[in-house]
There are 2 protein chains.
Amino acid sequence: MTGTRSYHHGDLRRALLAAAAEVIEESGPAALSLRDLARRAGVSHAAPAHHFGDKAGLLTALAVEGFDLLAEALHGADGGLLEAGVAYVDFAVRHRAHFEVMFRPDLYRREAPEVVAARERSGGALHAAVADLPPGHGTSGDARGDALAAWSIVHGFATLWNAGALPADVGDDPQAAARAVIHRLFGPR
Amino acid sequence: MTGTRSYHHGDLRRALLAAAAEVIEESGPAALSLRDLARRAGVSHAAPAHHFGDKAGLLTALAVEGFDLLAEALHGADGGLLEAGVAYVDFAVRHRAHFEVMFRPDLYRREAPEVVAARERSGGALHAAVADLPPGHGTSGDARGDALAAWSIVHGFATLWNAGALPADVGDDPQAAARAVIHRLFGPR
DNA sequence: ATCCTATCTTTCCATTGACAAGATGGCGCC
DNA sequence: GGCGCCATCTTGTCAATGGAAAGATAGGAT
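Residues numbered from 1 in each chain as written. Chains lettered and ligands numbered in written order. Predicted model: local features only at pLDDT ≥ 70, side-chain atom pairs only at ≥ 80, totals over all residues. Heavy atoms only, no water.

K.L.:
Help me out: how do you make sense of the domain arrangement of chain A in this one?
P.N.:
By a widespread convention, an interface's size corresponds to the accessible area lost as its parts come together. All names here are of chain A. As far as domains go, chain A holds domain 1 (7-52) and domain 2 (54-186). In total, domain 1 and domain 2 occlude about 1,200 Å² of area from one another, counting both sides; carbon and sulfur atoms represent 74% of this. Contact with domain 2 buries surface across domain 1, with Leu-17, Pro-29 and Phe-52 losing the most and accounting together for 42% of the total. Across the domain 1-domain 2 interface, the total number found is zero salt bridges. Secondary-structure elements contributing two or more residues to the side of domain 1 that touches domain 2 are α1 (12-27) and α2 (34-41). For the side of domain 1 that touches domain 2, the element with the most residues is α1, which contributes seven residues. (Domains from an automatic or database assignment. Buried area = accessible area lost by both parts, 1.4 Å probe. Salt bridge = Lys/Arg side-chain N within 4 Å of Asp/Glu carboxyl O. Helix = DSSP H or I, 4+ residues; strand = E, 2+ residues; numbered from the N terminus.)

Encoded structure:
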């Protein structure tokens, strides 16, 4: 109901989450202001409280959305662990705001049941990808250790990329660069 | 001058940085308040502005301190790339506040000359460790790619550890766990 | 002894997050 | 069709914060 300018917004919750992601993407979570979000949505400064309670509540909802999007992305990646890793990086780059919040537990209520459930969904997707990996690709037989190493390398690469910490010679294609990095861990030899 | 309660604090700058690190370690950068730091140091709420200008200035100083500590830690690690990686993780865990700020460019002035210089010092230390690695340890001959993969895996592991995102079965010794992870990348075969 | 400058204080303002109480209007129910 | 319920949104308010401006203090240089 994008056209109506009535008393009721119609889709405030979604609008606020989208605006929050946009702000965080541009200026980081520190610059996030509930009142600014309300202004962008064209509602009063107290409207967000009804949907999220407080700031942490809004970020909790963002984190849940993020973990679900991540699980979806990982499940959708065909091609074993390597492509799952690329999908992880791709998710982090394309949904930078969600990704940033998800791994910043001081910003939201990480113990909230919806968060725990969503986090388990994405964790399950990661482990499924590790289990799919055929032997002879640098795996050690210790699936748990493999998963931890894989998670570490893609998470680290994605974080450094998003932080702008990587030197310019890495290029401007995160997927390609990620593929090369992951290849060093699990690529066929 | 810890005893004197004079008009001049004597070591305000250092006291504020230490207090900031403590607060961030406990509650994250979002909870940082200049006024709270001033209260902890026993000075007026405007005193910090003289030393750091504003909040971003304080965090810039913290980041510089962090990059220098990291460079020092990496240089001090003997034992090639593996031990340098362990030192990286150890730094991130022991100086969690510095580490967190360093890679959150929206919190401080990442282009400030002191920051650029300090960052280059730690980057140089990392590359030196990669260059030290003897062949036959999974290196590909592409030192740049090796460095990126090594940096990614230790950075990812450290970040996930600090975020409390890792499952409990990883244990409680970050150095040991990190060693196992890095071993999968560059360990002798 | 005097000035000078870095350091710190006091005062003030706009913005923010959070809360309380009230207004609005869609929806089910009769 | 009319009525009342309740989710949704608004207005008003408060303490805390970051930041700026202007003044006080002290320790050292000349």
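K.L.:
Honestly, the interface of chain B and chain A in this entry has me stumped. Any pointers?
P.N.:
Taken together, the contacts link 37 residues of chain B with 37 residues of chain A. Across the chain B to chain A interface the summed buried area is about 2,900 Å²; carbon plus sulfur atoms make up 64%. Contact with chain A buries surface across chain B, with Leu-148, Leu-160 and Arg-184 of chain B losing the most and accounting together for 21% of the total. Here chain B is connected to chain A by six salt bridges. Across the pair Asp-146 of chain A and Arg-184 of chain B runs a salt bridge whose closest N-O atoms are separated by 3.0 Å. Here chain B and chain A share ten residue pairs in polar contact (both at pLDDT 80 or more) between them. By residue number, the principal contributor to the side of chain B that touches chain A is helix α8 (residues 143-163) of chain B, which donates 14 residues. (Contact = heavy atoms within 4.5 Å. Polar contact = N/O pair within 3.5 Å; in protein donor to acceptor, adjacent residues only side chain to side chain.)

K.L.:
Help me out: how do you make sense of the side chain of Glu-100 of chain B in this one?
P.N.:
The topology assignment puts Glu-100 of chain B in helix α6 (residues 96-102). For Glu-100 of chain B, a relative accessible area of 15% gives the class buried. (Buried < 20%, exposed > 50% of the residue type's maximum accessible area, 1.4 Å probe, protein only.)

K.L.:
How should the relation of the copies chain B and chain A be read in this particular structure?
P.N.:
Comparison of the two chain copies shows a relationship of rotation about an axis with a shift along it. For the pair chain B and chain A, the relating rotation is 180°, the translation along its axis is 0.0 Å, and the fit reaches an RMSD of 0.0 Å. Expressed as an axis order, the relation between the two copies is that of a two-fold axis. Taking C-alpha positions as the reference, the residue of chain B nearest the rotation axis is Gly-156 of chain B, at 1.6 Å. Interface residue correspondence from chain B to chain A reaches 100%, placing this contact among same-surface, isologous pairings. (Least-squares fit on C-alpha atoms with pLDDT ≥ 70 in both.)

K.L.:
Could you clarify how one ought to interpret the UniProt feature "domain: HTH tetR-type" (unreviewed entry) in chain A in this entry?
P.N.:
As recorded in UniProt, the sites labelled "domain: HTH tetR-type" (unreviewed entry) are residues 10-70 of chain A. Split by type, residues 10-70 of chain A is 75% helix and 0% strand. Its first and last C-alpha atoms lie 27 Å apart. (UniProt positions renumbered as here; feature names shortened; annotations may be inferred.)

K.L.:
Can you help me understand the nonpolar core in this one?
P.N.:
Here is a general trend for soluble globular proteins: nonpolar side chains tend to be buried in one another's company. Grouped together as the largest cluster of nonpolar side chains are 132 residues, with contacts concentrated most on Leu-58, Leu-59 and Phe-157 of chain A together with Leu-58, Leu-59 and Phe-157 of chain B. Among the elements that make up this core, the one with the highest residue count is helix α8 (residues 143-163) of chain A (twelve residues). Once residues lying within four places of it in the same chain are set aside, the contact partners of Leu-59 of chain B are Ile-24, Leu-32, Val-101, Leu-107 and Tyr-108 of chain B. (Core = buried A, V, L, I, M, F, W, Y, C linked by side-chain atoms within 4.5 Å.)

K.L.:
Can you walk me through the packing of aromatic side chains in this structure?
P.N.:
Two aromatic rings are characterised by how far apart their centres lie and by the angle between their planes. With the rule as written, the count across this model stands at ten aromatic pairs over all chains. Seen in terms of ring centroids, Phe-157 of chain B and Trp-161 of chain B are 5.9 Å apart; in terms of plane orientation they differ by 35°. Their pairing is tilted. Of this pair, Phe-157 of chain B and Trp-161 of chain B both sit in helix α8, four residues apart, which is roughly one turn of that helix. Owing to a relative accessible area of 19%, Trp-161 of chain B belongs among the buried residues under this scheme. Grouped by ring-pair contacts, the aromatic residues Phe-67, Tyr-88, Phe-91, Phe-99 and Phe-103 of chain A constitute a single cluster. (Phe/Tyr/Trp six-rings, centres within 6.5 Å; stacked < 30°, edge-to-face > 60°.)

K.L.:
So what exactly am I meant to see when it comes to helix α5 (residues 80-94) of chain A here?
P.N.:
An ideal rise of 1.5 Å per residue puts 21 Å on 15 residues; α5 of chain A measures up with 21 Å between its terminal C-alpha atoms. All of the buried residues in α5 of chain A are Leu-81, Ala-84, Gly-85, Val-86, Ala-87, Tyr-88, Val-89, Phe-91 and Ala-92 of chain A. (Expected span 1.5 Å × (residues − 1).)

K.L.:
I'm lost on the pattern of salt bridges in this one. Help?
P.N.:
Where charged atoms from two side chains of opposite charge come close, those side chains can pair. If you walk through the whole model with that rule in mind, you get 20 salt bridges over all chains. Arg-184 of chain A is the partner of Asp-142 of chain B in a salt bridge, and the nearest nitrogen-oxygen pair spans 3.4 Å. Of the two residues, Asp-142 of chain B sits in the loop between α7 (113-132) and α8 while Arg-184 of chain A sits in helix α9 (residues 174-186), which places them in two different chains. For Asp-142 of chain B, a relative accessible area of 38% puts it in the partly exposed group.

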